[in-house]
Amino acid sequence: MLSGQQASQTDKPLITIVGVMGKQGRSTAYCLIKSGLFRVRGITRKTNSAEGLKMAKLGIELIDLPLRPGLQADFTKAFAGSQGVFLMTPNIIPPDNYEFELGKQLADAAVAAGVQHIVFSSLENVVSISGGRYLAPHFTDKAKIEVYIRSLPIRSSFIMMAFFYTNLAEFYTPYLADGKLIFPIYLPEDFQAPFVDPLTATGPAVLELFKHQQKYAGQSLPVIGEFISPRQIVNDFNLITGQNAVYSSAYSKQELLHHFPDMSQQPELVQEILDMTHFVVKHGYYRKQRDIEWSQNLNPERLTWKGFIKQTKWQGEKKVY
């Protein structure tokens, strides 16, 4: 017989998070558990990692399962008993291009498992908006997955994450040259772009969508910390850390390879980055009709770039999140 506490736990709706060890997944898992409204299950290959053990102590159930096509039956089993699923597709480095097929199989598995609501982390369709001028598959494939999910007999809603603050430390790390810390940023110096901290902003957004599933059914909602230019990014960094950092453009192919010469071995990745950044500058990160204030109103205590630097105490070193 279940104790009263055990019964109350099993009465809570179960949400399964695909890629629970990623930035968005971790943020969502901890936020849902902290809310006390849901049980949480996560899919990961890192069940025995320090982070996995931490999650397990909090009562998060972990399932060891890789995120690749061909495992739809396994995904269906992993989703069994879930009221909702938070779907994400992992970073897939070109020339690999299985993101759409993976997303399709995850969505089909959710339907087969009897899941009632999908929240998917989507982005804009770069090909459609640009008339085919730009590709950026890691944007466009997510948009295609969103369209596919909308065609299924299941309720769904979508978040659309801005550029990550964490990318500047993890993938476009500053480096020292001539006594200065060089910030190689993939956008023009005065271009205002949306950025966000995925580790603190994803969870509140996804929690809101699962708490009010009917209200947000069919909606695609941007998750943004603030709009900020590379110039302001560097100025704020210097103000908070006291360092002598300078902006250096990585917007063109020549500039990108100057800062990151190892990328010359990955021409498909280089083209993907260039397509993404040039699309954003020409067409905007989001379609004009998107509600860019939604997440900011929902989470007024969200981290700005200044807040991110202060909270993480980042000094310009390379980090892995």
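What counts as what
Residues numbered from 1 in each chain as written. Predicted model: local features only at pLDDT ≥ 70, side-chain atom pairs only at ≥ 80, totals over all residues. Heavy atoms only, no water. 1 Å grid on protein atoms, 1.4 Å probe; cavity = no way out; pocket = protein on both sides within 12 Å on 5 of 7 lines; lining within 4 Å. Points joined across faces, edges and corners; volume = space filled by probe spheres on them. Helix = DSSP H or I, 4+ residues; strand = E, 2+ residues; numbered from the N terminus. Nonpolar A, V, L, I, M, F, W, Y, C, P; charged D, E, K, R; others polar. Axes fitted to C-alpha atoms, helices over the stretch in contact; angles between N-to-C directions. Parallel < 35°, antiparallel > 145°, perpendicular 65-115°, else oblique. Left-handed = near helix turned anticlockwise from the far one by under 90°. Contact = heavy atoms within 4.5 Å. UniProt positions renumbered as here; feature names shortened; annotations may be inferred. Buried < 20%, exposed > 50% of the residue type's maximum accessible area, 1.4 Å probe, protein only. Pairing = 2+ DSSP bridges. pLDDT = per-residue confidence, 0-100. Salt bridge = Lys/Arg side-chain N within 4 Å of Asp/Glu carboxyl O.

1. Quick notes on empty space enclosed by the protein
Part 1: According to the stated counting rule, one finds 2 cavities of 30 Å³ or more in the structure shown.
Part 2: Around the largest cavity, the lining residues are Ala201, Pro204, Ala205, Val223, Ile224, Ser295, Leu298, Asn299 and Arg302.
Part 3: Mapped onto the lining of the largest cavity, the elements with two or more residues apiece are α9 (198-211) and α14 (294-298).
Part 4: For the lining of the largest cavity, the element with the most residues is α9, which contributes 3 residues.
Part 5: When grouped by side-chain class, the residues that make up the lining of the largest cavity number 6 nonpolar, 2 polar and 1 charged.
Part 6: Approximately 30 Å³ is the volume found for the second largest cavity.
Part 7: In this structure, the second largest cavity is lined by Val196, Asp197, Thr200, Ala201, Ile224, Gly225, Arg302 and Leu303.
Part 8: Of the residues that constitute the lining of the second largest cavity, the class distribution is 4 nonpolar, 2 polar and 2 charged.

2. Focus: the layout of surface pockets
Part 1: As a volume, the largest pocket reaches approximately 1500 Å³.
Part 2: Lining the largest pocket are 49 residues, with Lys23, Pro90, Asn91, Ile92 and Phe171 sitting closest to its centre.
Part 3: When contributions to the lining of the largest pocket are tallied by element, the ones reaching two or more residues are α2 (23-35), β2 (39-44), β5 (117-122), α7 (137-150), β7 (163-164), α8 (167-170) and α13 (267-283).
Part 4: The dominant element in the lining of the largest pocket, judged by the number of residues it contributes, is α13, at 4 residues.
Part 5: For the lining of the largest pocket, the class distribution of residues is 29 nonpolar, 11 polar and 9 charged.
Part 6: Around the second largest pocket sit 19 residues that line it, and Pro94, Asp96, Asn97, Pro137 and Glu272 are the ones nearest its centre.
Part 7: When contributions to the lining of the second largest pocket are tallied by element, the ones reaching two or more residues are α7 and α13.
Part 8: For the lining of the second largest pocket, the element with the most residues is α7, which contributes 5 residues.
Part 9: Its residues placed into classes, the lining of the second largest pocket shows 8 nonpolar, 4 polar and 7 charged.

3. A look at the packing of helix α5 (residues 99-112) against α7
Part 1: At their nearest, the axes of α5 and α7 sit 9 Å apart, and the two run at 25° to each other. Here α5 is positioned roughly parallel relative to α7, judged by the angle of their axes. By crossing handedness, the relation of α5 to α7 is classed as right-handed. Contacts between α5 and α7 involve Glu99, Phe100, Gly103, Lys104, Ala107 and Asp108 on the former and, on the latter, Pro137, His138, Asp141, Lys142, Lys144, Ile145, Tyr148 and Ile149.

4. Focus on the UniProt feature "domain: NmrA-like" (unreviewed entry) in the chain
Part 1: Under the local residue numbering, the UniProt record ascribes the feature "domain: NmrA-like" (unreviewed entry) to residues 12-305.
Part 2: When the span residues 12-305 is considered, its composition is 43% helix and 20% strand, and the gap between its end C-alpha atoms is 36 Å.

5. Section: the pairing of strand β13 (residues 245-249)
Part 1: Burial along β13 is one-sided: the residues Ala245, Tyr247 and Ser249 are buried and none of Val246 and Ser248 is.
Part 2: Pairing of strand β9 (residues 180-185) with β13, which is carried by 5 bridges, proceeds in the parallel orientation. Directly across from Ile185, in β13, lies its bridge partner Ser249.

6. Some words on the confidence of the model for the chain
Part 1: Looking at the chain, the pLDDT average stands at 95 and 97% of residues meet or exceed 70.
Part 2: Low pLDDT, under 50, characterises residues 1-7; the stretch is placed with 3 contacts to residues that sit more than four places away or in other chains.

7. Regarding the pattern of salt bridges
Note on pairing: side chains with opposite charge can pair once their charged atoms come close.
Part 1: Under the criterion given, the structure shown has 10 salt bridges.
Part 2: Of the charged contacts in the structure, one is a salt bridge between Lys142 and Glu99, with a shortest N-O distance of 2.7 Å. Taken together, the residues span a long stretch of sequence, with Lys142 in helix α7 and Glu99 in helix α5 at a distance of 43 residues.
Part 3: Overall, the relative accessible area of 12% leaves Lys142 in the buried class.
Part 4: What makes Glu99 buried here is its relative accessible area of 3%.
Part 5: For Glu124, the salt bridge goes to Arg287, with nearest N and O atoms at 3.3 Å. Of the two residues, Glu124 is situated in the loop between β5 and α6 (126-130) and Arg287 in the loop between α13 and α14; the sequence distance between them amounts to 163 residues.
Part 6: Note on Glu124: relative accessible area 2%, which makes it buried.
Part 7: The class of Arg287 is partly exposed, set by a relative accessible area of 30%.
Part 8: Shared partners join several salt bridges into a network, and the residues in it are Glu124, Arg287 and Arg290.

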